[in-house]
Number of protein chains: 2
Amino acid sequence: MKNTATRCCDVAWTDFACRFPNFSFMISSHHPVVRTVLCQKSLISWVGEDWIFLILLGTVMGLVSWVMDFFIAFCLRAQKWMFTGLYGSVFLQYLAWVTFPVVLITFSAAFTQILAPQAAGSGIPEVKTIMRGVVLKEYLTFKTFVTKVIALTCALGSGMPMGKDGPFVHIASLCGALLCKFMSLFGGMYENESRNIEMLAAACAVGVGCCFAAPIGGVLFSIEVTSTFFAVRNYWRGFLAATVSAFVFRLMSVWNRDEGTLTALFKTSFRLDFPFDLQELLAFAVVGIASGFGGAFYVYLNHRVVKFIKKQKSLKRFIIRNRLLFPAVVTLVITTLTFPPGFGQFMAGKLTQKESVLTFFDNLTWAKQGDAHQAPYMGYAKAWLHPQASVFVTLSIFVIMKFWMSIVATALPVPCGAFMPVFVIGAGFGRLVGESMAAWFPDGINTNGTIYPIVPGGYAVAGAAALSGAATHTVSTAVIVFELTGQISHILPVMIAVILANAVAQSLQPSLYDSIIKIKKLPYLPELGWGNHEKYNIRVEDIMVRDVRYITLNCCYRDLHNVLLTGNLSTLALVESAASMVLLGSISHAQLQSLLSQQLSRTRRLEHIRQRNVASSQYSNQEEASQGACIQISNEESSFSPVRPISQGKISPVVEQGIEIPTGPHDNSDFTLKNLFCTSQDSDDLEDDGDVKDTMTIKEIAEWEEKQLNEQINFNNCRIDPAPFQLMERTSLHKTHTIFSLLGLDHAYVTSVGRLIGVVSLKELTKAIEGFVPVNGLKLRPALASFRDSGPTGRTITDGETTELHWLGERNREYVPSESDERSQ
Amino acid sequence: MKNTATRCCDVAWTDFACRFPNFSFMISSHHPVVRTVLCQKSLISWVGEDWIFLILLGTVMGLVSWVMDFFIAFCLRAQKWMFTGLYGSVFLQYLAWVTFPVVLITFSAAFTQILAPQAAGSGIPEVKTIMRGVVLKEYLTFKTFVTKVIALTCALGSGMPMGKDGPFVHIASLCGALLCKFMSLFGGMYENESRNIEMLAAACAVGVGCCFAAPIGGVLFSIEVTSTFFAVRNYWRGFLAATVSAFVFRLMSVWNRDEGTLTALFKTSFRLDFPFDLQELLAFAVVGIASGFGGAFYVYLNHRVVKFIKKQKSLKRFIIRNRLLFPAVVTLVITTLTFPPGFGQFMAGKLTQKESVLTFFDNLTWAKQGDAHQAPYMGYAKAWLHPQASVFVTLSIFVIMKFWMSIVATALPVPCGAFMPVFVIGAGFGRLVGESMAAWFPDGINTNGTIYPIVPGGYAVAGAAALSGAATHTVSTAVIVFELTGQISHILPVMIAVILANAVAQSLQPSLYDSIIKIKKLPYLPELGWGNHEKYNIRVEDIMVRDVRYITLNCCYRDLHNVLLTGNLSTLALVESAASMVLLGSISHAQLQSLLSQQLSRTRRLEHIRQRNVASSQYSNQEEASQGACIQISNEESSFSPVRPISQGKISPVVEQGIEIPTGPHDNSDFTLKNLFCTSQDSDDLEDDGDVKDTMTIKEIAEWEEKQLNEQINFNNCRIDPAPFQLMERTSLHKTHTIFSLLGLDHAYVTSVGRLIGVVSLKELTKAIEGFVPVNGLKLRPALASFRDSGPTGRTITDGETTELHWLGERNREYVPSESDERSQ
C-alpha cells in the first residue's frame, strides 16, 4: 500500500509531464539523466491515464464492431449468393436458404454451450447487475469475450431477427474489464474497484455507441439501461470512449471504400424546409401510444415464452437432451417462413434487417407507386410491392410475423439482443401508419397553398424509436435514431412518440431487461416509475423486519452457532448487549463462520491436547508407569484421525446432532463451501502438527467442543464493518429506495438512538415498491394491477426470489445465477 | 401524518380511475353517487399526478419564453427602427443607438435592485446549490420570478452581449417551485422535499429546453450543470417537460405566422451527402483545442473582473453609491463601440446576437464572395464584408471585442447569462477557421474526382459547441447545437471538438458556474476531474480531523456549554461515554442550544423559586413573624426583574464571565439569534408566571445557574439523528467524494468498531481534492498548479470559506449568501 502511495506522489509530481509528454521532453531534455527518469515515469503514468484507456477501449471496440459487421455482411451475402445462384430450382434454393442459417445458429449454440454458456443472451441484465456492485462469476473473462464475439457473428450472420446491441454492451464491458486488467500492469490505480465500475459504465456506452455509430445516444441509452444513479463526473468518459469507437467504426468503412466520408449508418434525406405538418403530430402521437402497447405486449410475450420454455418439464427435458436440436428447429421454421419464393414474398423475406430499415426510412411513398411495374428506381423497396397484395398487407404481415419470430429467436441459447428486431418492427409499423397517412392525404395536409406531401419515412423513424423505447423503457432511442439517420428534423414528433410510448409501456410492464433479470432471479430493485404517490408516504417502520438476528459483544460461541443456523442475510448485526441493543457494526456470515470453525478447529484441539499432555506430563512424570495403559488407549484412538477432518468440516458434528439442521439452500451451500475449505486446511494442519497425536475419543471431543462453545467470542481477528448503513424508522420509502440504489445496498439496519430496532433488505423494499405492503390495513395495489396479475407473469415476488445471494465478504459479492446451471452442465 | 396516509390509500385505490379518467366514468356511471365521489377523488389525484405537473410546467415556460422573445425582438426592432429612421444625421443616430440600451439596462438594474436583488446574474450557481439540498433564502419566491422575467426581458432587449439560458434555468426553477406550492393545494405529496428536488431537476431541463427549443440538449445540459449525481428514474420527467416546453415555444411561432411549421431555431441547410472530408477533422480538432484554451481564459478573465469589482475599494464604493451609474456607463461604452457607422462597421455591430449566429451558420463562403459588391443575395451576412477590411479581419475583431464585452456585460447586476455570448463568440471563431480553410483549399480537399467545397458554417457550429462547452464544462452543448441547427450531419467533428475543448478547459480552470459559486462562497464540493490518480489512494484517515467535539450520554450541562462554545460544525456527536466513544448519534447545534437555554431559563428558575417558596412556607408557617424582614428583602429585589431577561438571553451571563467568550463569527451570530429568541420568550413567561416573583439576587442566580449546569443532561425531548453518516478510516477519498455528493452531506463521522475516531467535513474534502493534502510527507500538487497559483484566482481555500453555513436543522439547511448583501442594502 505504501508503495502505491509513493508512486502516486511521483505520478502527481510528473503530472504535467504526463499530460503533455512533448512539453516535458522540451523542458527536461537539457539533462539526459533527468530525461530518462522522466521518460520512464511519464510513460508509466501516461499509459495509466484515463483517457488513454478510454481511447484504447473505443478503438478496440470500433474495430471489433467493424470486423464483426464485415463478417456478418459476408455471411448474409453468401446466403444470397447461393440463393440467387440456384435460380431455377426452388427446392435447391430452399435448401440453400434454410441450411445456411441452421448451420450457423447450430454452430453458434454449440460454441456457446461448450466454451462459455454465460455468453448466451443479451448480457445487458447481467451488466446491469454487475454495475450494482454484484460480482457475477465468469461474466467478465477472456473466454466469454472470445465466445461472445464469435458466436454473435455467426448468429447474426444467419439473418435471423436478432440484434447486435445488447451483446455488444456485454462485449464492451468484457473488453473494458480485460483492458483494466491489462492496464493494471502499468499502474496500480486500475486495481481500484470503484474506478473499475466507472470504466465499466464507459464501456457500456461504447458498446451501444460503436454498434450504431451513435456516440450520444449510446451514452444515454447505456445510462438508462444499466444504471439507476449516474455520476455526472463520469459523463465525459462515456462520451470520449463512445465518440472514439463510433469514429473508428465509421472510419473503417471509409478506408474500406464503402463510404465516401463519415456519415450516418442509415442516412436519410427527408426534406428540411418543411419536415412535417403540425396536424401530423396527432398521427405521430398515435404511433407512440400504439408502440407503447406493442412494446409492453412484446415484453409480456417474451416473458411468457422464456417462462414456458423453463417451466414445461417435457419441453425442458427435450431442450436439455437435444441442446442443439431446439435452435436448429426454430431456425428452420423461421427461415422457412421467410423463404422469398414462399411466404416470404408477402413480407419482403429476402431483405436483411439492415436493408429493411433502409427501405423503411427511404424518401418515397410506396402506396403512391401503385404496383410494382411503375417503380424501376425503388431499389430494395421493390420487395414491399407485391402484385397480389398491397403495401399495407405486406407491411402488416411483416410486423406481425417478425413480432413473434424475434421473440422466439431471442429466446435461443445464442448471444443475441432484442433491440434491433424491435427497432425494425417499430420502423415497419411506423411505415405502415405513414403509408396510410399518405394514402389518406395524397396531397399532404392543406397548408397555405404550398403542397407538402407526407413523408412516410418520418413515421418509420418515429415508430422505430417509439417501439424500441417502449420495450426497453428508454427515452434515448430518440437520440439514437437521430444519429442513425443523420437527420434531426423530426425531433419533436419523435420525442412525443417516444415519451407517449414510454408512458404507456412503463405503466403496463417492466422493461425487457428487468423482465429478464426477474426470470434469471438476479438481485433486483424495481424502479419507482410513473405515478407513485403512495411511495412518498410509506415509512421504513412500515416495511422493516423487526425480528433482527444479532450477536452481542459478550456472547459465547454457542449463541453464534445458533444464530448462524437461522439467519438469511449476508451479515449479522453486532450489538453491545441484548439489553442496550446499541448497534456497533456488522460482520459477514463468512467471517463468523470462520470464527466458529476456528474455535472448534482441529488445530486448536491438538493444541489443547498438547497443553494437556504437557500439564499431565509434568504432573505424571512421577506416576508415568501406572498411567501407561491410559495413554495407550488414547494412542489407539488416534488412528481414526485421518477420517475425522471430513466430518469436522461441518462445524462440530457432535454438537450439531442436538440442534436442528438448517434446511435453506443458502445455508447448505455455505456449509458445503466451508466443508471443502476446512477439509484441505485441516489436512495441512495434520501434517504440520504431526508431533501431537489426536488422542481424544468422540465423547471427549464432544465435551471439548461443548466447552469451547461456552467460551466468549474473541472478536480481535474479525473484520467488522463498523458503519453498516443505518436508516431511521421515519425514513420514507422513497428515500430508502434512493439510498439503496445509490449505494448498491443489499440491506440496511434501522436504528433509533443507536439502538437496533429492525432491518430492511432488498426483499422488503421490492415488495413495498411493487405495492404489496398493507398501509393502515389497506392493501395498496399498483396501477392496472388486475391486468398484471391475470397472467403467470404476475409480479408477486415469491419469498427468497431476490435475496438468494451467497455473499463472500462485504465488498466482493459473488453471485452464481440460477439460470445458467442448465446450460453449464 | 395519518391523514396523509389515509388519503394516500384512496389515491392508490382510485389510481386506475385517475390514469384513465374516461374509463372510470364509463365504469362508474351506473351509480350517480359513486360517480360524484369518484369524480372528486379522481380530479384531486389526477391533478396531483406528476405528468400533469410537468406538462403544465412545460407549457407555462414555453409561453413565458415565447412572450419574452417577442418583447425582446420588439425592443431590438425598435432600436433598429430609430437608428434607420434617423438616417442622415450620424449624431442623432448615435444618440438613438446608445440611449435605448442605456435606458433599458438602467431600468433593468434598478428594477432588480429594488424588487429582488437575488434575481441578478445567471442563477445557475444558486440552482446548483439548491439542488445539493441547501435552502437559499428568497431564491425561489414569486417576487423573484416576476423581477427576473421583466428585468431579463429589458436586459436582453438592450442588445447587449448577454444570454437568456442561465436566467431561464433559474426562472424555470422558480416556476417549478411556485407550481409545486400551487399543486400542493390539490394533493399532499407536493409537500415532500425529495419530490420537490426531483421536480426542480425537471424544471432546470425545461429552462434550457424552452430557451433553445432543444429538449434533449436541455435535459443533458441541465444535468451536467446542476447535478453531481443523477437519478435515471428522474430522466423521463426532464424529457417530458422539456419536450412540452420546446413544443409550445415553437408552436407559438407557428401560430404567430413566423414559421410554417415546427422547425429548429437556427435552421441550417448544409449538404447531407458529403458534409465534411476526413482530413477536415484535424481542423475541427484545432478548433476544439483552441476553444478549450479560450473557454478557460474566459472563465479566468470573468473571475478576475468580478473579483476586481468586489475587491477594489474605491470602485466598490463608487458602485454602491452610484448603483445605476455603473451599468449605464458600461452599456454606454459597449454600445458606442458597436455603433454601426463607427467602429461597429468592423465587427458587424448592427447585427443582433441571433442574426450573427444565423449568418455564421449560413451555407455560403464569405471569403469567396470577394468584396461586398458581388454579394447581393447574402442578406445579413453582408454586414461581415467591409470594403476596406477582409472577412478575416472583421471576424477577428468581432471575436476579440465580444470576448471582453460579454465578460464585462455579464458582470452587471442585472439578470443575464453568459452561455449565449460565449456561444456567439465560439461560432464566430469557428467561422473564422472555416473561412480560412475555405480560402486555403478553395476547391475542397481532394477526394476521388468529385469536388466538395469546404462548408465554413460547419466550423461555426463546431466552434459554438466547443467554446460554450469549454466555458461551462459540458459535453451536451454538442446536442444543443444539433437541435438548434436541425442538422446532425456534423456529429463526429462536433463531438471531437467539444471533447477536446472540455479536456483542455477542465484541466485549466473550474467551470464558469463553479467559478461564480466560489466567488459567492456558496457551499461547494469540487469535482473529481481529469487525471486524478492520487485521489484513489488517499484514505479518510489521512484527511479527517481527529479532534472531534462530542458530548456523552451522562455529561452535565456545563460540558455541553463548553463544547458549544468551541465547535464549528452544524451538529455534535453524541457518544456513550468518553471512555467507550461509541457513537450513538448526532444532535444539531440548535437543539443543544435550546436544551441549554431551557435548563437555564427564567421559567425553570421561577419554578424553582415557587417550589422553594412552597417549601419554605411549609417550614416557616410557624416562624412567619420572625422571618418577615427576609421575605421583604427578596420582594424588593424582584423589582429588577423586567430588566433581567435581556441579559438572561445570553445563556447565564453570570456564569459566562468566568469562561472565554467565543470569538468566531459563527458562534456570535448563533448567540445573537438565541438572544433575540430568548428575550421574547422570557418576556412571555414573565407575564404568565406573574404569581411568582423573581426574588433572587444576582449572586443567587449565579449560584442557581452553577447548580443547574452541574446537572446531567436530559435528552428526552431532544431530536437526535440516530444514524449520522459514518465512514471507515480506510474509506478512499474517491468513495468519500461519491457519498458526499450523492447524499449532499456536510460532514460525516469516522468510526472504528462503533467508536468515534474522527470527522470529515466538506472543508477537509475540498482541500484533499484540490490537492493540498500531504501524503507521506509530500505535498500533492494538482496538474498545472503553478499556472493556477500565479493569479489571484489561486484555488487555495482559505479556512472557513466553504463551511460558513448556519444550519437550522438537519434537513432544512438555510444559507444566506455573503455576496448579495451589498446589493440588498
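Residues numbered from 1 in each chain as written. Chains lettered and ligands numbered in written order. Predicted model: local features only at pLDDT ≥ 70, side-chain atom pairs only at ≥ 80, totals over all residues. Heavy atoms only, no water.

An unreviewed UniProt entry lists chain A under the name Chloride channel protein 2-like, from Betta splendens. Recorded under Subcellular location (unreviewed entry), the UniProt text for chain A is reproduced unchanged: "Membrane". (UniProt positions renumbered as here; feature names shortened; annotations may be inferred.)

Student: Hey, could you go over the overall build of chain A for me, with residue numbers and the actual values?
Tutor: Of regular secondary structure, chain A possesses 35 helices and 12 strands. Residues counted as buried form 62% of the 825 residues belonging to chain A. Nonlocal contacts in chain A, meaning residues at least 24 apart in sequence, comprise 77% of its contacts between residues at least 6 apart. Counting only carbon and sulfur atoms, one obtains 61% of the accessible surface of chain A, whose full area is about 32,200 Å². (Helix = DSSP H or I, 4+ residues; strand = E, 2+ residues; numbered from the N terminus. Buried < 20%, exposed > 50% of the residue type's maximum accessible area, 1.4 Å probe, protein only. Contact = heavy atoms within 4.5 Å. Areas by Shrake-Rupley, 256 points an atom, 1.4 Å probe, with all protein chains shown as cover.)

Student: Lay out the UniProt feature "transmembrane region" (unreviewed entry) in chain A with the relevant residues and their values.
Tutor: Residue and element names in this part refer to chain A. The feature "transmembrane region" (unreviewed entry), as annotated in UniProt, sits at residues 51–74, 94–116, 168–187, 199–223, 235–255, 281–301, 322–343 and 389–412 in this numbering. Along residues 199–223 the backbone is 92% helical and 0% strand, and the end-to-end C-alpha distance reaches 13 Å. What you have in residues 235–255 is 100% helix and 0% strand, and the ends, taken at the C-alpha atoms, are 30 Å apart.

Student: A description of a nonpolar patch on the surface should follow, citing residues and the corresponding values.
Tutor: All names here are of chain A. On the surface, Leu56, Val60, Phe182 and Leu185 cluster together to form a nonpolar patch covering roughly 360 Å² of accessible area. Structurally, Leu56 is set in helix 5 (residues 50–85). On the basis of relative accessible area, Leu56 is assigned to the partly exposed category, the value being 34%. (Patch = residues over 30% accessible without salt bridge, like charges linked within 9 Å, V, L, I, M, F, W, Y side chains within 5 Å. Salt bridge = Lys/Arg side-chain N within 4 Å of Asp/Glu carboxyl O.)

Student: With reference to specific residues and values, describe the packing of aromatic side chains.
Tutor: For the coordinates displayed, the defined rule picks out 51 aromatic pairs over all chains. Where Trp384 of chain A meets Phe398 of chain A, the ring centres are 5.0 Å apart and the plane angle is 85 degrees; that geometry is what we call edge-to-face. Of this pair, Trp384 of chain A sits in the loop between helix 16 (353–360) and helix 17 (391–410) while Phe398 of chain A is found in helix 17, placing the two residues 14 residues apart along the sequence. Exposure class is identical for Trp384 of chain A and Phe398 of chain A. Each is buried. Taken together, Phe212, Phe221, Phe266, Phe361, Phe419 and Phe423 of chain B form an aromatic cluster joined through their ring pairs. In this arrangement the basic side chain of Lys164 of chain B is found over the ring face of Phe168 of chain B, its NZ or CZ atom lying 5.0 Å from the centre. (Phe/Tyr/Trp six-rings, centres within 6.5 Å; stacked < 30°, edge-to-face > 60°. Lys NZ or Arg CZ within 6 Å of the ring centre and 35° of its normal.)

Student: Describe the sheet that holds strand 7 (residues 726–728) of chain B, naming the residues involved and giving the relevant values.
Tutor: Residues and elements named next belong to chain B. Read from one edge to the other, the open sheet built from 3 strands follows the order 7-8-9, with strand pairing classed as mixed. Whereas interior strands pair on both sides, the edge strands pair on one side only; in this sheet they are strand 7 and strand 9 (755–761). Strand-to-strand twist of the sheet, defined as the mean angle between neighbouring strand axes without regard to direction, takes the value 40 degrees. Here 6 bridges tie strand 8 (residues 747–752) to strand 9, and the two strands are oriented antiparallel to one another. Directly across from His747, in strand 9, lies its bridge partner Ser761. (Pairing = 2+ DSSP bridges. Axes fitted to C-alpha atoms, helices over the stretch in contact; angles between N-to-C directions.)

Student: Could you give an account of the pairing of strand 8 of chain B, naming the residues involved and the relevant values?
Tutor: Residues and elements named next belong to chain B. For strand 8, the tally of buried residues reaches 6 of 6 residues, placing the bulk of the element in the interior. The side-chain alternation of strand 8 yields two buried faces, one formed by His747, Tyr749 and Thr751 and the other by Ala748, Val750 and Ser752. Bridge analysis of strand 7 against strand 8 gives 3 bridges, and the strand direction is parallel. Bridging from a neighbouring strand, Leu727 pairs with Val750 of strand 8.

Student: Report on the pattern of salt bridges, specifying residues and quantitative values.
Tutor: Applying the stated criterion to the full structure yields 18 salt bridges over all chains. A salt bridge links Arg549 of chain A to Asp547 of chain A, with the shortest nitrogen-to-oxygen separation between them at 3.8 Å. The class for Arg549 of chain A is partly exposed, based on a relative accessible area of 34%. Using a relative accessible area of 54% as the deciding quantity, one classes Asp547 of chain A as exposed. Two residues, Arg610 of chain B and Glu607 of chain B, come together in a salt bridge whose shortest N-O distance is 2.5 Å. Of the two residues, Arg610 of chain B and Glu607 of chain B are both situated in helix 26 (residues 602–620); the distance of 3 residues between them amounts to about one turn of the helix. Taking relative accessible area as the criterion, Arg610 of chain B reaches 26% and is therefore assigned partly exposed.

Student: Tell me about the environment of Ile150 of chain B, and please be specific about residues and values.
Tutor: All names here are of chain B. Mapped onto the elements of the fold, Ile150 is located in helix 8 (residues 142–157). For Ile150, a relative accessible area of 33% gives the class partly exposed. As a C-alpha pair, Ile150 and Phe111 span 39 residues in sequence and 8.4 Å in three-dimensional space. Ignoring anything within four residues of it in the chain, the contact list for Ile150 reads Phe107 and Phe111.

Student: Any details on the side chain of Thr243 of chain A? Residues and values, ideally.
Tutor: Structurally, Thr243 of chain A can be placed in helix 12 (residues 235–255). Residue Thr243 of chain A is classed as buried on the basis of its relative accessible area of 4%. Ignoring anything within four residues of it in the chain, the contact list for Thr243 of chain A reads Pro215 of chain A together with Leu492, Met495, Ile496 and Ile499 of chain B.

Student: Please give an account of the side chain of Thr477 of chain A that cites residues and values.
Tutor: All names here are of chain A. With respect to the secondary-structure elements, Thr477 resides in helix 20 (residues 477–485). Classification of Thr477 by relative accessible area gives buried; the value is 1%. Here the side chain of Thr477 touches Ala465 through a polar contact of 3.0 Å, landing on its backbone oxygen. When residues no more than four places from it in sequence are discounted, the contact partners of Thr477 are Phe221, Phe419, Ala465, Ser468, Gly469, Thr472 and Val498. (Polar contact = N/O pair within 3.5 Å; in protein donor to acceptor, adjacent residues only side chain to side chain.)

Student: Give me the sheet that holds strand 5 (residues 583–588) of chain B: which residues, what numbers.
Tutor: Residue and element names in this part refer to chain B. Strand order in this open sheet of 4 strands is 3-4-5-6, and the pairing throughout is mixed. A strand with exactly one partner marks an edge of an open sheet, and here the two such strands are strand 3 (550–552) and strand 6 (720–721). Here strand 5 pairs with strand 6 via 2 bridges, running antiparallel. Each bridged residue has a counterpart across the sheet, and for Ser586 the counterpart in strand 6 is Asp721. Set on the sheet, helix 25 (residues 589–599) makes contact with strand 3, strand 4 (571–575) and strand 5; between it and strand 5 the angle comes to about 80 degrees.

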